[in-house]
Amino acid sequence: MSGKVTLRLDSPIGPLDVTLSAQAVHRIDFKGLAPEGPVPKPVEPLFRRVEAQMKEYFSGRRSKFDLPLEPIPDGTDFQRNVWAALSEIPYGEVISYADLAAWTGRPKAVRAAGAACGANRIPILIPCHRVVAKAGLGGYGGGLKTKRALLRLERGRPQA
């Protein structure tokens, strides 16, 4: 097998579709469309690492991920800066889209910062759920219910 494969990973927020190669995680989707089934041998070591770290995260025992990610090639320079900044937001904390834009050196690019969050192909591992609007949660590719659940988890509150 060469290339990428998409596998289903069950989680407390619903099934996740994890796309990975033997070398890196390429994408996480909230659709739950990936079939259940055997994990191809070439990607099994990385998939098992993803599975273990996600289980630790959802049980409140992991605040940072140590997985190889492959988001960089498809992003603009600004998007890559935003994604790097997202990875620096401490576990359990939130910042605004305006703060994120300022943090990346473009304080007037608030909408572009939000769009870069929306273009993040590896949510949870690159924690775009930690960015909120000044007057509410803002958006989230996995839906606001999922964003609330992730923020509650990180703040030590039970998921509901």
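Structure first, text after, so check above.
Computed from a predicted structure; not experimentally measured.

Caption draft 1: Quick peek at the overall build of the protein chain. Helix and strand counts for the protein chain stand at 5 helices and 5 strands. N-terminal to C-terminal, the α/β element order of the protein chain is β-β-β-α-α-β-α-α-β-α. Scaling as 2.2 N^0.38, a compact globule of 160 residues should have a C-alpha radius of gyration of about 15 Å, and the protein chain matches this with 16 Å. Here the protein chain holds 160 residues, and the buried ones make up 44% of them. Put simply, 55% of the contacts in the protein chain that link residues at least 6 apart link residues at least 24 apart. Looking at the protein chain as shown, the accessible area adds up to about 8,400 Å², and 52% of this sits on carbon and sulfur atoms. Between the centroid of the 24 positive side chains of the protein chain and the centroid of its 15 negative side chains there is a distance of 6 Å.

Caption draft 2: Here's a closer look at the environment of Gly114. With respect to the element layout, Gly114 can be found in helix α4 (residues 110-118). A C-alpha to C-alpha distance of 8.6 Å links Gly114 and Gly139, two positions 25 residues apart in sequence.

Caption draft 3: Region of interest: α4. Where α4 is concerned, the buried positions are Ala113, Ala116 and Cys117. Seen end-on, α4 carries its buried residues on one side only, within an arc spanning 105°. Exposed side of α4, more than 90 degrees from the buried face: Arg111 and Gly118 are the residues found there. In this fold, the buried residues of α4 make contact with α2 (77-86), α3 (97-103) and β5 (131-132).

Caption draft 4: How the structure looks around the sheet that holds strand β3 (residues 25-29). A sheet is described by the order of its strands in space; here 3 strands give the open sequence β1-β2-β3, paired in antiparallel fashion. Strand pairing shows two members of the sheet lacking a second neighbour, β1 (5-9) and β3, which therefore form its edges. Averaged over all pairs of adjacent strands, the angle between their axes in this sheet comes to 25°, without regard to strand direction. Pairing of strand β2 (residues 16-20) with β3, which is carried by 4 bridges, proceeds in the antiparallel orientation. Counted as the bridge partner of Thr19 is Arg27 from β3.

Caption draft 5: Expanded view of the side chain of His26. Looking at where His26 falls in the secondary structure, it is placed in strand β3. A distance of 2.9 Å separates polar atoms of two side chains, one belonging to His26 and the other to Ser21. Excluding its chain neighbours within four sequence positions, the residues that come into contact with His26 are Lys4, Thr19, Leu20, Ser21, Glu70, Arg121 and Ile122.

Caption draft 6: Expanded view of the pairing of β3. Burial analysis of β3 places 4 of its 5 residues in the buried class, the great majority of the element. The turn linking β2 back onto β3 is made up of 4 residues.

Calculation notes
- Residues numbered from 1 in each chain as written.
- Predicted model: local features only at pLDDT ≥ 70, side-chain atom pairs only at ≥ 80, totals over all residues.
- Heavy atoms only, no water.
- Helix = DSSP H or I, 4+ residues; strand = E, 2+ residues; numbered from the N terminus.
- Rg over C-alpha atoms; globule rule 2.2 N^0.38 Å.
- Buried < 20%, exposed > 50% of the residue type's maximum accessible area, 1.4 Å probe, protein only.
- Contact = heavy atoms within 4.5 Å.
- Areas by Shrake-Rupley, 256 points an atom, 1.4 Å probe, with all protein chains shown as cover.
- Lys, Arg positive; Asp, Glu negative; His and termini not counted.
- Charge placed at Lys NZ, Arg CZ, Asp CG, Glu CD.
- Arc of directions from axis to C-beta.
- Pairing = 2+ DSSP bridges.
- Axes fitted to C-alpha atoms, helices over the stretch in contact; angles between N-to-C directions.
- Polar contact = N/O pair within 3.5 Å; in protein donor to acceptor, adjacent residues only side chain to side chain.

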